[in-house]
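# Residue-level structure breakdown
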Amino acid sequence: MREKFFGVLQRVGRSFMLPIAILPVAGLLLGLGSSFTNETTLATYNLLGVMGPGTVPYFIFSVLSKCGGVIFDNLPLIFAIGVAIGMARQEKEVAALAAAVSFLVMHSAISAMITLTGGVENLLEGSTTSVLGITSLQMGAFGGIIVGLGVAALHNRFYKVQLPQVLSFFGGTRFVPIISTLVFALVGILMFFVWQPIQEGINALGVLVYSSGYFGTFLFGMIKRLLIPFGLHHVFYLPFWQTAVGGTMEVAGTVVAGAQNIFFAQLADPTVTHFSTAGTWCFTGEFVLYIFGFPGAALAMYRCAKPERKKQVGGLLLSAALTSILTGITEPLEFSFLFVAPVLFIISSVFAGLAYMLCHILNITVGLTFSGGFIDLALFGILQGNEKTSWLLIIPLGIVFFLVYYFLFSFLIKKFNFKTPGREEGDQETKLYTKADYNARKAGESADSGDQVSASIAQGLGGAANIKDVDCCATRLRCTVIDSSKVDQTILKSTGAHGVIQKGQGVQVVYGPQVNIIKANLEDYLRSGAAQQAAPAVEAAPAEASAPEAHTHGALVKTIVIGSPFHGESAPVTASPDPAFAEKMMGDGATVIPCEGVVTAPCDATISFVFDTNHAIGLELEDGVEMLIHVGINTVALKGEGFHALVQEGDQVKKGDRLLEFDLDFIRENAASVSSPVLFTSMEDNQELRLLKAGHVKPGEDLLALDIYES
């Protein structure tokens with residue numbers, strides 16, 4: 001249980017990295033824009049004449065400031081989408097859409113509750129804000145994280161759900177945004193009642209943390225470092241950066257929550273003369289560590305390397321040290337001594353706490369977007385001026401840390417003979433370790449074996465290594481293979497496929513409306529690693545099979561006659577230019593080449609589905625008989641362009657009612673063919689189909705007759 005919880009936390013931490021990764025570019029835009037539109041900064045560098053108000057550069061940097069600011073203003077939405085993408089197992093784009101919709105729905109529900117209960121005046125002062133123009137509660141990044149985690153949980157639970165046949169179109173991934181919308185409408189109502197006391201608790205926690213003073217800063221820096229090997233440091237520091245846990249402060253008349261948000265609010269405020277430690281206490285210490293301390297550790301490891309390996313390890317350590325200095329990415333250095341000498345990492349974590357605490361004591365207030373490298377120091381420290389940041393104090397403090405790291409690491413490496421890079425025994429490879437090496441050393445993970453159907457599909461396509469691409473349309477699994485000679489259609493048909501169409505490297509396996517579930521399962525299987533193992537044995541059908549027994553029908557019970565949904569030229573479905581339709585893999589019927597861009601109801605029926613690209617419509621007739629009207633061939637590739645549906649699932653229609661309009665000229669130019677199948681898709685053994693009219697047909701004119709006999 002503990003291992004499972006730990007694994008979930010690791011995934012949550014990794015999911016935070018996607019929205020966090022956008023912060024550097026946002027900070028760059030906001031930092032440059034705010035700095036070069038700040039008249040005090042321009043005056044400091046004597047740039048008012050060439051870059052002051054009214055000049056072209058001032059105009060450009062004002063735009064940059066707004067572009068960067070909008071990202072920080074809408075971080076909750078970005079977190080909602082990013083966390084959902086990071087936590088979703090597959091079909092991540094669906095999770096992203098569901099998260100965006102759910103975020104809007106939740107805040108709209110909260111807004112409605114605020115209005116219904118008397119408005120903002122009845123709530124605590126400062127507890128509301130505007131979220132994308134919606135008056136809602138001040139939830140900050142927590143609101144986005146709640147949505148992201150909730151949608152991901154719903155997505156992972158339902159993205160393969162199979163609904164009854166009549167609702168099968170809405171199964172699988174299409175069900176995720178639907179259930180997410182409903183759930184987060186209820187979550188919004190719930191949050192109206194529970195979030196205010198939660199927010200009061202968060203504010204109290206922030207006051208407690210910040211009131212703990214320098215010792216609290218020390219603990220923060222040390223704990224954050226100690227959590228890095230487990231991948232949980234993002235989970236730990238994010239609330240301090242983005243929520244009231246990290247403190248609150250009024251900036252330019254607005255209460256801002258979260259240390260990083262406080263810093264960037266002050267950065268955009270031209271009246272600020274010195275940034276507050278309230279906005280920088282939980283990250284300024286990184287500049288001391290990354291630019292000075294860790295390079296000192298790198299020099300110690302180089303000096304302690306064996307003479308014959310110094311040249312080899314020198315290049316590796318120099319590259320890693322420069323990476324730490326410039327970008328603040330420290331993994332190559334930290335994981336090298338963590339891997340071989342954990343005691344050095346523990347000591348380094350204590351030094352991290354000291355660096356944070358000393359920067360707080362010295363009132364050094366340099367902000368950052370992602371990590372404490374020289375790029376952020378230049379942008380948010382040097383460029384802002386020493387008067388606003390006290391950045392010059394980082395230099396003497398950093399030199400002290402460089403020397404302490406160098407001498408202490410040198411002593412401990414030699415004293416305890418730690419096998420840091422360059423001190424390996426024998427012919428062991430000299431390299432810098434990574435987090436992947438660390439995790440591999442802790443434990444290996446076995447891949448999921450996957451499901452048998454997916455395993456058989458993969459084998460039928462020539463094995464996982466032969467599959468280049470997997471996709472699907474309304475009814476077919478569409479795959480691209482590397483070597484078409486390895487495809488085994490017998491195995492593919494044994495998985496329940498109605499048929500297989502192979503053209504060069506393209507393979508289409510016809511499954512019907514449930515194909516999106518099959519696609520998701522296959523992608524799961526391919527990505528699990530199980531597909532790389534030995535393929536399962538699949539028995540091929542005998543080369544010669546006895547012909548099926550002829551069926552003798554009983555008495556005719558009824559005949560269902562349907563009219564033509566098109567105005568055009570009709571023919572048996574076997575004349576369709578698409579083999580899947582011509583070979584009746586999806587059912588029997590007719591194909592019509594339309595001369596007008598209108599589809600009408602061929603009889604009284606219920607709309608069972610409208611495909612999301614509007615190129616196909618399903619109908620349910622009496623006695624559960626199902627039909628498919630498919631406009632053109634391979635028109636799914638048009639992604640809905642040229643089509644306009646006039647009905648939706650569940651509508652009751654009468655013969656002759658308009659169902660769909662389409663741009664016939666556009667389809668002629670952009671689709672494989674305008675030939676449009678009209679099919680009975682659920683025929684039983686006691687049913688036979690007759691084509692009543694071949695040649696020119698008008699809408700509603702009798703086209704097909706389905707004879708139903710006694711079983």
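In this text, all values refer to a predicted model and were calculated from it rather than measured experimentally.

### What about the side chain of threonine 495?
- When you line up the elements, threonine 495 lands in the loop between helix H22 (489–493) and strand E7 (499–503).
- Polar contacts involving the side chain of threonine 495 include one to the main-chain carbonyl oxygen of leucine 492, which spans 2.5 Å.

### Here we look at the sheet that holds strand E5 (residues 467–472)
- Strand order in the open sheet formed by four strands is E5-E6-E8-E7, and the pairing between neighbours is antiparallel. One side of each edge strand has no neighbouring strand; the edge strands of this open sheet are E5 and E7. The mean inter-strand angle of the sheet, taken between neighbouring strand axes irrespective of direction, is 20°.

### Things to note about the sheet that holds strand E9 (residues 556–563)
- If you trace the three strands from one edge of the open sheet to the other, you get E9-E22-E20, paired in antiparallel fashion. At either end of the open sheet lies a strand with only one pairing partner, and these are E9 and strand E20 (687–691). For this sheet, the mean angle separating the axes of adjacent strands, direction not counted, is 20°.
- Bridge analysis of E9 against strand E22 (residues 702–709) gives seven bridges, and the strand direction is antiparallel. Bridge pairing links isoleucine 562 to leucine 704 in E22.

### Looking at unusual backbone geometry
- A positive phi angle, close to 55°, is found at serine 390, a residue other than glycine.
- Positionally, serine 390 belongs in the loop between helix H18 (386–389) and helix H19 (394–416).
- Taking relative accessible area as the criterion, serine 390 reaches 14% and is therefore assigned buried.
- Residue asparagine 614 is not a glycine yet carries a positive backbone phi of 65°.
- By the element assignment, asparagine 614 lies in the loop between strand E13 (605–610) and strand E14 (616–620).

### So, helix H7 (residues 92–116)
- For H7, with 25 residues, the first-to-last C-alpha span of 36 Å sits near the 36 Å given by 1.5 Å per residue.
- Phi turns positive one or two residues past the end of H7, at glycine 118, with a value near 110°.

### Considerations on helix H21 (residues 452–460)
- Among all positions of H21, only Ser454, Ala455, Ser456, Ile457, Ala458 and Gly460 are buried.
- One or two positions beyond H21, positive phi appears at glycine 462, with a value near 95°.

### Thoughts on the confidence of the model for the chain
- Of all residues in the chain, 88% have pLDDT values of 70 or greater, and the mean over the chain is 82.
- Throughout residues 533–551 the model reports pLDDT below 50, and contacts reaching past four residues in sequence, or to other chains, amount to eleven contacts.

### Some thoughts on the packing of aromatic side chains
- Per the counting criterion, the structure on display carries 24 aromatic pairs.
- Here the aromatic rings of phenylalanine 220 and phenylalanine 240 are separated by 4.9 Å at their centres, their planes lie at 70°, and the arrangement is edge-to-face. Of the two residues, phenylalanine 220 is situated in helix H10 (residues 213–226) and phenylalanine 240 in helix H11 (residues 233–242); the sequence distance between them amounts to 20 residues. The pair formed by phenylalanine 220 and phenylalanine 240 is uniform in burial state, with each residue classed as buried.
- Ring centres 5.9 Å apart and planes at 85° place the aromatic pair phenylalanine 263 and phenylalanine 380 in the edge-to-face group. You can see phenylalanine 263 sitting in helix H12 (residues 259–267) and its partner phenylalanine 380 sitting in helix H17 (residues 374–382), a full 117 residues away along the chain.

### A word on the pairing of strand E2 (residues 134–137)
- Pairing of strand E1 (residues 128–131) with E2 involves four bridges; the strand directions are antiparallel. Bridge assignment links threonine 128 to a residue of E2, and that residue is leucine 137.
- Between E1 and E2, which pair antiparallel in sequence order, lie two residues; one of them, leucine 132, sits at a positive phi of approximately 55°.

What counts as what
Residues numbered from 1 in each chain as written. Predicted model: local features only at pLDDT ≥ 70, side-chain atom pairs only at ≥ 80, totals over all residues. Heavy atoms only, no water. Helix = DSSP H or I, 4+ residues; strand = E, 2+ residues; numbered from the N terminus. Polar contact = N/O pair within 3.5 Å; in protein donor to acceptor, adjacent residues only side chain to side chain. Pairing = 2+ DSSP bridges. Axes fitted to C-alpha atoms, helices over the stretch in contact; angles between N-to-C directions. Buried < 20%, exposed > 50% of the residue type's maximum accessible area, 1.4 Å probe, protein only. Expected span 1.5 Å × (residues − 1). pLDDT = per-residue confidence, 0-100. Contact = heavy atoms within 4.5 Å. Phe/Tyr/Trp six-rings, centres within 6.5 Å; stacked < 30°, edge-to-face > 60°.

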